[in-house]
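Chain by chain, the residues run as shown.
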Amino acid sequence: MKHFLTFLALAGMALGVSAQTLWRDAPMLASPAEIRALMPDARETSPSQRAADRSALLEIPSTPIADEDFAATFHFESERLQRIHLRAQPGTRERTQALLRALQTSLRARYGLPISTKARENAAPGTVDLKWAFRRMTVQLQMVDGTTVELIYSANIPGRPAGL
């Protein structure tokens with residue numbers, strides 16, 4: 001009976017995890033085929049990109065967010081979606097700052113106040129590194145070089161309990 005209850009609890013957790021979505025309603029733990037079906041503009045990454053990062057299997061080279069073009073990369077572990085990395089390089093410092101403000105406003109409206117703001121040693125003025133937690137995912141907004149904005153959606157899937 002104890003094993004049956006453990007199974008039910010784990011099955012319920014798995015259903016809750018699968019219902020959780022990341023960016024553009026991409027389900028956590030989705031397969032590459034499921035992501036391509038959901039987002040027809042997603043394509044396989046280049047061999048050189050996969051060689052540099054074996055988890056980066058799919059990409060959308062350009063997608064508009066807050067009036068800027070972002071490149072989206074989908075990262076998988078064991079053929080299951082774990083992270084979506086969005087990256088934009090607005091042409092000017094003013095556009096970069098405007099994009100950061102727009103994204104911060106949107107993320108705060110959706111997820112509340114950030115759970116952390118990392119301080120970086122020798123960071124350039126204006127460096128941003130904010131993180132939000134929502135259900136079983138984290139969202140991180142970063143600007144580290146003054147010109148590149150990164151938005152990272154990550155699944156936080158609890159590990160399997162030992163002995164199961």
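Refer to the structure presented above.
Residues numbered from 1 in each chain as written. Predicted model: local features only at pLDDT ≥ 70, side-chain atom pairs only at ≥ 80, totals over all residues. Heavy atoms only, no water.

Student: Sorry if this is basic, but what is going on with the sheet that holds strand β8 (residues 149-155) here?
Tutor: As a general point, the strands of a sheet are linked pairwise by backbone hydrogen bonds and lie either parallel or antiparallel. Across the sheet, which stays open at both edges, the eight strands sit in the order β1-β2-β3-β4-β8-β7-β6-β5 with antiparallel pairing between neighbours. Among the strands making up the open sheet, the edge pair consists of β1 (43-44) and β5 (116-117). With six bridges connecting them, strand β4 (residues 80-88) and β8 associate as antiparallel partners. When the bridges of β8 are listed, Leu86 appears paired with Leu151. The sheet strands contacting helix α4 (residues 93-111) are β2 (56-65), β3 (68-77), β4, β6 (128-134), β7 (137-143) and β8, and the helix crosses β7 at an angle near 160°. (Pairing = 2+ DSSP bridges. Helix = DSSP H or I, 4+ residues; strand = E, 2+ residues; numbered from the N terminus. Contact = heavy atoms within 4.5 Å. Axes fitted to C-alpha atoms, helices over the stretch in contact; angles between N-to-C directions.)

Student: Help me understand the pattern of salt bridges, please; the structure alone is not making it clear to me.
Tutor: Note on pairing: side chains with opposite charge can pair once their charged atoms come close. Scanning the model with the defined rule gives five salt bridges in all. Glu150 serves as the salt-bridge partner of Arg87, at 2.8 Å between the closest nitrogen and oxygen. Of the two residues, Arg87 sits in strand β4 while Glu150 sits in strand β8, which places them 63 residues apart along the sequence. A relative accessible area of 39% places Arg87 in the partly exposed class. (Salt bridge = Lys/Arg side-chain N within 4 Å of Asp/Glu carboxyl O. Buried < 20%, exposed > 50% of the residue type's maximum accessible area, 1.4 Å probe, protein only.)

Student: Hey, could you run me through the pairing of β2 in this one?
Tutor: Of all ten residues making up β2, seven are buried, and the element is well covered by its neighbours. Where β1 and β2 come together, two bridges link them in antiparallel fashion. The residue bridging Glu44 from the neighbouring strand is Leu58, located in β2. Where β2 meets β3, seven bridges bridge the pair, whose relative direction is antiparallel. Paired with Thr63 across the bridge in β3 is Phe70. Taking the residues that link successive antiparallel strands as the turn, the β2-β3 hairpin has two residues, and the phi of Ala66 there is positive, at about 50°.

Student: Can you walk me through the nonpolar core in this structure?
Tutor: Across soluble globular proteins, you tend to see nonpolar side chains buried next to one another. If you look at the biggest cluster of nonpolar residues, it comprises 36 residues, and the most contacted ones within it are Trp23, Phe74, Ile84, Leu86 and Tyr153. At the level of elements, β2, β3, β4, α4, β6, β7 and β8 are the ones that each hand at least two residues to this core. (Core = buried A, V, L, I, M, F, W, Y, C linked by side-chain atoms within 4.5 Å.)

Student: What is the right way to look at the packing of aromatic side chains in this model?
Tutor: Both the distance between ring centres and the angle between the ring planes are used here to describe each pair of aromatic rings. Summed over all chains, the structure comprises two aromatic pairs. For the pair Trp23 and Phe74, a centre-to-centre distance of 6.3 Å together with 45° between the ring planes defines the contact as tilted. Of this pair, Trp23 sits in the loop between α1 (2-19) and α2 (32-38) while Phe74 sits in strand β3, and the two are 51 residues apart along the sequence. The exposure class of Trp23 is buried, given its relative accessible area of 9%. Residue Phe74 is classed as buried on the basis of its relative accessible area of 0%. Summarising the aromatic geometry, the rings of Tyr111 and Phe134 are spaced 5.2 Å apart at their centres and angled 55° between planes, so their arrangement reads as tilted. Taken together, the residues Tyr111 in helix α4 and Phe134 in strand β6 connect sequence positions 23 residues apart. According to the relative accessible area criterion, Tyr111 is buried, its value standing at 12%. By relative accessible area, Phe134 is classed as partly exposed at 27%. (Phe/Tyr/Trp six-rings, centres within 6.5 Å; stacked < 30°, edge-to-face > 60°.)

Student: Would you mind showing me how to read the environment of Ser62 here?
Tutor: Tracing the backbone shows Ser62 in strand β2. Judged by relative accessible area, Ser62 falls into the partly exposed class, the value being 44%. In this view, Ser62 contacts Asp69 and Phe70; residues no more than four positions away in its chain are not counted.

Interpretation note: all reported values are geometric properties and have no functional meaning in isolation.
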